[in-house]
Structure formats: structure tokens, C-alpha cells
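In case you want the letters, here they are:
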Amino acid sequence: MDNITRRKFIRMGAQGVALATIPAIFRINPAMAFSPGLSESSDLDDYMRHFGVDRDLIRKTMGLALENGGDYCDLFFQHSSSSYVALEDDIVNRSYTNVDFGVGIRVVKGDQTGYSFTEEITPEAMKLAAKTAASISAGTAPGTIASLALYPTPDYYPIKTKWEDVGIDQRIPAVNRINAAMHAADKRVIKTSVSFSDNNSYIMVATSDGRIACDYQPMLRVSGYCTAEQDGKRESNGFDLAGRRGIEFVTNESLDRIGSEAVNRTVNLFDAVMPEAGEMPVVLAAGSSGILLHEAIGHGMEADFNRKGTSIFADKIGKPVAEKFVSIVDNGKNANVRGSINIDDEGQDSQETYLVRDGILESYLHDRISAKFYGVKPTGSGRRQSFRFAPIPRMRNTYMTDGPHEVKEIIGNVKKGIFVSQFTNGQVDIGAGDFTFYVKSGNLIEDGKITKPIKDINLIGNGPNCLKKVTMVANDMAMAEGGWTCGKGGQGVPVSMGLPTILVSSITVGGIS
């Protein structure tokens, strides 16, 4: 009889829980769902065996997908597993694992897409899915298929230990430590919650123009949230860390920081005031304030909105959209950052794409369809939520690069305004760029100095107009550290954003009238 270690036992238990959560059709072959992950030295044959396919089956499936004369097709294989542990009121009260497995088949004809997917990777199921996707075309001459060759993949998110090799006995102490850190930080803390989620995703993309590319994509997000009470008044806030990281990122230092930052953000709100309403200068802090850049400006630079003429930037390529010291980048190559990708979900190279360079709009974010429309190369921006969705142009890590000013210089330049350090949510009209963002925390700026904390206000404006009003940019660019997921077209994908400290000369602030 084999010896079973404690870690193996716990891991098997988690898999048992996961079995109840996987799609019913996948339970036909549950062993495949929990098959061992691939190693760093895995080659194409290993990926083929992992998904139970070979080159001949892929070519036959492509032949069916293009039998009606499609211009192009691709097959997107994915095997992902995720784990989640949550603590509330000092007790670990939730833990579960999800497993997903399947292939999506896309046929492109002009700018039209036929798409189908199956959770059962068998010749019969793939044949049915391919014929469904092929219905986008109605010709008689079949499309062409190039000889398939492996495309090398870089590694922008190296980790030491894959999440499938991490037991729940390593996750539970982490949530308990954050909980203890929040209670120890301040006696006013009366309620806490902690979550720990991680994910593995193996993908293999095969394209009819001859490319096969594979990737392993890890993900981690750990968060702490607390409520504190003072003189009968309650405030709540939180802090999280996220990225394409492994368990080695989960150190006592990082866990204690999550707890202390969550508490500091919360208790600072006891002294917060509401600023006056109206138009005023707004200084956006370095880091996660880049969410305004992502939502109000970045979406307008995704090529599908411009191809359809719904973005305000549709006629702005090559034209000035900001001051000369403003440059904006969307980058999929930042080491271990949440929005990084070694390849996109069309098998294209990830890249650093300058959207705005020295104030001039230089490029949109392109998938294969929009790149062909504009006669340019794809920017590695074709992304999808899973094999159940066709790829569309999406941001990765979007940020403004450093400018020529100092932070003190920017703050000192403001007679009366606000300094914003934390947004929590908002609404954006992507086409026009009109936005409303909710500010969770920040400060007043009075006579060139940061003074009282503020809370619970809205910023109301228009993204492209605000971009023109960026009058100072500091040299302290920082990326957001938390877990952001961008929603578009019914799909969510992990992203990140960043910003140096910047001054926007005027934005409407919804405060006290």
C-alpha cells in the first residue's frame, strides 16, 4: 500500500471537492481534469498529450472549420484550475477548487467571426464544434492550412512552485496571519475578512497560418478587509496584493503588510472630511490611480471601438491628444505583473505598445481582425476570458510613463484642490470617455500642502478632455499592486495599470455644495 503524506491527503481532498464543481460532461473523464501539470521543460508533445490531441487531429479539425471557405481559423485549448480560501469573523469558513477544460474553435471571414467550443476534447466533439464555427462562411472552396510549427514562448512571469503543487495547509496559515495582523494593528478593528485565491492555466493555441504556441499562466490575489469603530462611528476599507506570482511571494512580510495597510486605510477615514464641490485641480497619486487612465482613456484606444467608429479617438491617429511630456504605454511584458502575458490568446507575441508617445496618438490595441482592417501588425492584444469566448482587443498593463516634474513641485503648484489616492469603482461611457469615479480616500491640498483626509466623493469628467488637462507629470511611476479585472463584451480578463503622480488642471468634484 502506498504511503500517503499529509500534503497528498489534503490535495486529494481538495480535488474531491473540485469534482463536484466541474462541468457535467467533463466528469466523463475526471482523471484528465486532475492530470499532473506540465513542467518547465515541457515541449509541444507534452502539451499535445496533456490535451489528448495530436497534429493530425488538429489539422483535420482545421480542415472542417475552413471547409466553407473561411479566411482563417484557430483552436484554443485551455486547462485551468483555481483555489479559493476565505476567512470571516476569525474563522476559515470557505474553501473550494474549480477546474475547467476545453477547446474553443474560431473561424474568421472578413471581419465576421464564427465561434464554438466544447468541454469534451474528443474527435467527435471537436468535429461538431468546427462545423458550427464554419457556418460563418458559405463558400465552396476550402480555406488553406499552413504546416504547423511550434512558436517559442518567453517567460515574463517566472515562479518557483506551481500552484498545483501547493497544499491548502500552506494557504490557511496565510489567511490566519493577515487576520491576526489586522486585529493587532488597532484595537478599534471589530470585524475582518480575508481571501486567498490562486490559479493555474495551461493554454495551447494552434492557428491555420501555421503557428502553435503554448503557455503556463499563474495568478495570485490575497486581500484583507476590515471594519473599525470609534465613538459609535464605523468605517471599512481593505488592501490586496496580486500578480502572476507563486507561493514564494506569500511571505510573512507581505501578509503583515496586507493587514497593516487595510487597517491604516480604514482608521484614517475617521478623520476624513468632505471637500467642497466644483471644478478644481486634482492630483492623482502614483500607482492604482491609473484606473482612471485605464477606464476613461485606455478603452477608447482598443481598436475594435475605433474600427466601428464608436471611440472618440477614431480619427486621432498621428494627432496630438496630450502635452508633449505625456506618453502612455500598454505593456504585456512587465515581470510578474497581473496583466502580463507571454503570448496573447491568438498566439501572437506580447509586446510593449506605445499608445501615446510625446503627446501624439501613435497606435491602437489590435487583435488579428482589427490589425488586418488597419493594415498593421497585431499588437499581441487579442485576449479572452476562457476557451468559451472569442478573443477581442484588450488592455494588459496600461500606464503613463515618467514625466519631467517632481512630486513636491506638483503639490506645491496647487493652491486649492484634492489629492486622490484610492478609487473603488465607477462608470464609463467608453465611446465618448465620459466617467464618474468614486474616490474612497485622498486628501485636501491647501496652499501647496497635503492636509486633511477626504472620503466618499465622486470625480466627474471626460477622459480625453482630462488627458489634455494633464499639465504636470512626476517621475515616480508606480504600478498598481492589487487585483484588477477588466470587463468588456461580457468577458473579464486580469489587467493592471499604473501612473506617476500627475496634475489634472480641473475636474468636477462631487463634494459639499
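Residues numbered from 1 in each chain as written. Predicted model: local features only at pLDDT ≥ 70, side-chain atom pairs only at ≥ 80, totals over all residues. Heavy atoms only, no water.

## Digging into unusual backbone geometry
- At D89, a position not held by glycine, the phi torsion is positive, near 55 degrees.
- Checked against the element boundaries, D89 lands in the loop between β1 (72-88) and β2 (91-109).
- The class for D89 is partly exposed, based on a relative accessible area of 41%.
- Despite not being glycine, D456 shows a phi value in the positive range, around 55 degrees.
- Its location among the elements puts D456 in the loop between β17 (449-454) and β18 (457-462). (Helix = DSSP H or I, 4+ residues; strand = E, 2+ residues; numbered from the N terminus. Buried < 20%, exposed > 50% of the residue type's maximum accessible area, 1.4 Å probe, protein only.)

## Quick word on the confidence of the model for the protein chain
- Considering every residue of the protein chain, the mean pLDDT works out to 91; 91% of them sit at 70 or more.
- Ignoring residues within four places in sequence, the model shows residues 1-31, a span with pLDDT below 50, making 36 contacts including any to other chains. (pLDDT = per-residue confidence, 0-100. Contact = heavy atoms within 4.5 Å.)

## So, the packing of aromatic side chains
- Enumeration according to the criterion identifies 11 aromatic pairs in this entry.
- Seen in terms of ring centroids, Y202 and Y216 are 5.0 Å apart; in terms of plane orientation they differ by 45 degrees. Their pairing is tilted. Residue Y202 is located in strand β5 (residues 189-207), and its partner Y216 is located in strand β6 (residues 211-230); the two are separated by 14 residues in the primary sequence.
- The rings of Y47, Y202 and Y216 are connected pair by pair, giving a single aromatic cluster.
- The positively charged end of R244 is found above the aromatic ring belonging to Y157, 5.2 Å away from the centroid.
- Between R357 and the ring centre of Y354, over which it is positioned, the NZ or CZ distance is 3.9 Å. (Phe/Tyr/Trp six-rings, centres within 6.5 Å; stacked < 30°, edge-to-face > 60°. Lys NZ or Arg CZ within 6 Å of the ring centre and 35° of its normal.)

## A word on the pairing of β17
- Pairing between strand β16 (residues 434-446) and β17: 4 bridges, direction antiparallel. Bridge pairing links G442 to I454 in β17. (Pairing = 2+ DSSP bridges.)

## So, the environment of D43
- Tracing the backbone through its elements, the reader meets D43 in the loop between α2 (30-33) and α3 (44-51).
- Overall, the relative accessible area of 38% leaves D43 in the partly exposed class.
- Each C-alpha atom of the pair D43 and C214 lies 8.8 Å from the other, and the pair is 171 residues apart in sequence.
- Engagement of the side chain of D43 in a polar contact is seen with the backbone nitrogen of D45, the distance being 3.2 Å. (Polar contact = N/O pair within 3.5 Å; in protein donor to acceptor, adjacent residues only side chain to side chain.)

## Let's talk about the nonpolar core
- Within the largest apolar cluster, 55 residues are counted, with the highest numbers of intra-cluster contacts made by F51, V53, I58, F77, F196 and M204.
- For this core, the element with the highest residue contribution is β6, accounting for 7 residues.
- In this structure, M204 is in contact with L44, Y47, M48, F51, V53, I58, L75, F76, F77, I212, A213 and C214, ignoring residues within four places of it in sequence.
- Listed in part, the 47 residues of the second largest apolar core include L284, I328, V356 and L499. (Core = buried A, V, L, I, M, F, W, Y, C linked by side-chain atoms within 4.5 Å.)

## Digging into the pattern of salt bridges
- Within this structure, the stated rule accounts for 28 salt bridges.
- In this structure, K131 engages E67 in a salt bridge whose closest nitrogen and oxygen atoms are separated by 3.0 Å. Here K131, found in helix α5 (residues 123-134), pairs with E67, found in the loop between α4 (55-65) and β1; they are 64 residues apart in sequence, far enough to count as distant.
- For E67, a relative accessible area of 27% translates into the label partly exposed.
- Among the salt bridges present, the one from K416 reaches E276, with a minimum N-O distance of 3.0 Å. Remark: E276 occurs in the loop between α7 (252-268) and β8 (278-284) and K416 occurs in strand β15 (residues 416-429); sequence separation between them is 140 residues. (Salt bridge = Lys/Arg side-chain N within 4 Å of Asp/Glu carboxyl O.)

## Quick look at the pairing of β16
- Of the pairings in the sheet, the one linking β15 to β16 comprises 12 bridges and is antiparallel in character. Across the sheet, the residue bridging to I418 is L444, located in β16.
- In this antiparallel pair of consecutive strands, β15 and β16, the connection spans 4 residues, and G433 shows a positive phi of 90 degrees.
- For β16 and β18, the ladder comprises 6 bridges, and the chain directions are antiparallel. Across the sheet, residue V439 finds its bridge partner in β18, namely I457.
- Counting the residues between successive antiparallel strands, the hairpin from β16 to β17 contains 2 residues, one of them, D447, with a positive phi of roughly 50 degrees.

## Let's talk about the state of the cysteines
- Counted under the stated rule, the structure contains 0 disulfides.
- With no disulfide partner, C73 has as its closest neighbouring cysteine sulfur the one in C214, 17 Å distant. (Disulfide = S-S within 2.5 Å.)

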